[in-house]
Amino acid sequence: MSKKFEIIFKVFIILFFSISITKAELLKPNSDIKPSKVVEIQLSGLQKNDLNYKDSGIEQTWNFAHPSNKKNTGPLPNFKMMIKGNSYQMLLNHLSHTITQVGGGDKWAQFEVIILDKDKIYHKFNWQVEKYTAEGPLKDCWLTTMVSSPIALGSSI
């Protein structure tokens, strides 16, 4: 009986760790993800930045950044510093967000994003995604090419 219990316990531990590892995996771009969903994935990650591990939300956002955008921001450590800086830190652990499409075509879409930050101040951003057209694993994926500087809209109180 003790041997059987030991085997069940080991299987449970292995299952528990494999579920934990799977849960921590970040979403990757694929051609089935629509433009508004890309923005939602990024904002939800930033809203719960440390959910899976430290800065997992920033890394989730980075996964959906267009290569030209990555070229401008520099490597991931630079991107993390940029998001944590004064210009974009209000996105981290924000309380809520709304996404409204304001324009678009076959290969681009633009959204107005309004977030309520943890200090209960509203901020507006223009968020643009484009369909990646070059050959390779990102072909036909929607990726973020631009996020404007925030415009403070005032307090919710």
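Further up the page is the structure itself.
Residues numbered from 1 in each chain as written. Predicted model: local features only at pLDDT ≥ 70, side-chain atom pairs only at ≥ 80, totals over all residues. Heavy atoms only, no water.

On to the overall build of the protein chain, then. When its secondary structure is counted, the protein chain shows 5 helices and 5 strands. In the protein chain, the order of α-helices and β-strands from amino to carboxyl end is α-α-α-α-α-β-β-β-β-β. Out of the 157 residues in the protein chain, the part that is buried amounts to 36%. Long-range pairs, those at least 24 residues apart, make up 54% of the contacts in the protein chain with a sequence separation of at least 6. Total accessible area computed for the protein chain in this model is approximately 9600 Å², and 59% of it derives from carbon and sulfur atoms. (Helix = DSSP H or I, 4+ residues; strand = E, 2+ residues; numbered from the N terminus. Buried < 20%, exposed > 50% of the residue type's maximum accessible area, 1.4 Å probe, protein only. Contact = heavy atoms within 4.5 Å. Areas by Shrake-Rupley, 256 points an atom, 1.4 Å probe, with all protein chains shown as cover.)

Before going further, it helps to examine the packing of helix H2 (residues 35-47) against helix H3 (residues 56-63). For any two helices packed against each other, the geometry comes down to the angle between their axes and how far apart the axes lie. Relative orientation of the contacting elements H2 and H3 amounts to 165°, with a least axis distance of 7 Å. When the axis of H2 is compared with that of H3, the two are roughly antiparallel. The two elements H2 and H3 cross, and the hand of that crossing is left-handed. Where H2 approaches H3, its residues Ile41, Gln42, Gly45 and Leu46 are matched on the opposing element by Gly57, Ile58, Gln60 and Thr61. Considered class by class, the residues forming the contact of H2 with H3 number 3 nonpolar, 5 polar and no charged. (Axes fitted to C-alpha atoms, helices over the stretch in contact; angles between N-to-C directions. Parallel < 35°, antiparallel > 145°, perpendicular 65-115°, else oblique. Left-handed = near helix turned anticlockwise from the far one by under 90°. Nonpolar A, V, L, I, M, F, W, Y, C, P; charged D, E, K, R; others polar.)

All right, on to unusual backbone geometry then. In most cases, non-glycine residues show a negative phi, while peptide bonds are predominantly trans. Positioned with a positive phi, aspartate 55 is a non-glycine residue whose angle comes to about 65°. Mapped onto the elements, aspartate 55 comes out in the loop between H2 and H3. Taking relative accessible area as the criterion, aspartate 55 reaches 5% and is therefore assigned buried. A positive phi angle, close to 70°, is found at aspartate 140, a residue other than glycine. Counting through the fold element by element, aspartate 140 comes out in the loop between strand S3 (121-131) and strand S4 (142-147). A residue is classified by how much of its surface remains accessible, and aspartate 140, at 32% relative accessible area, is partly exposed.

Quick look at the pattern of salt bridges now. One pass over the full model with this rule turns up 4 salt bridges. Here lysine 84 ties to aspartate 55 by a salt bridge, and the two come within 2.8 Å at their closest N and O atoms. Taken together, the positions of lysine 84 in helix H5 (residues 76-84) and aspartate 55 in the loop between H2 and H3 put the pair 29 residues apart, joining distant regions of the chain. The salt bridge partner of lysine 124 is glutamate 112, with a shortest N-O separation of 3.8 Å. (Salt bridge = Lys/Arg side-chain N within 4 Å of Asp/Glu carboxyl O.)

What follows concerns the side chain of histidine 66. With respect to the secondary-structure elements, histidine 66 resides in the loop between H3 and helix H4 (67-73). Of the residues examined, histidine 66 reaches a relative accessible area of 11% and is grouped as buried. Residue contacts for histidine 66: discarding those within four places in its chain leaves Glu130, Tyr132, Leu143, Thr144 and Thr145.

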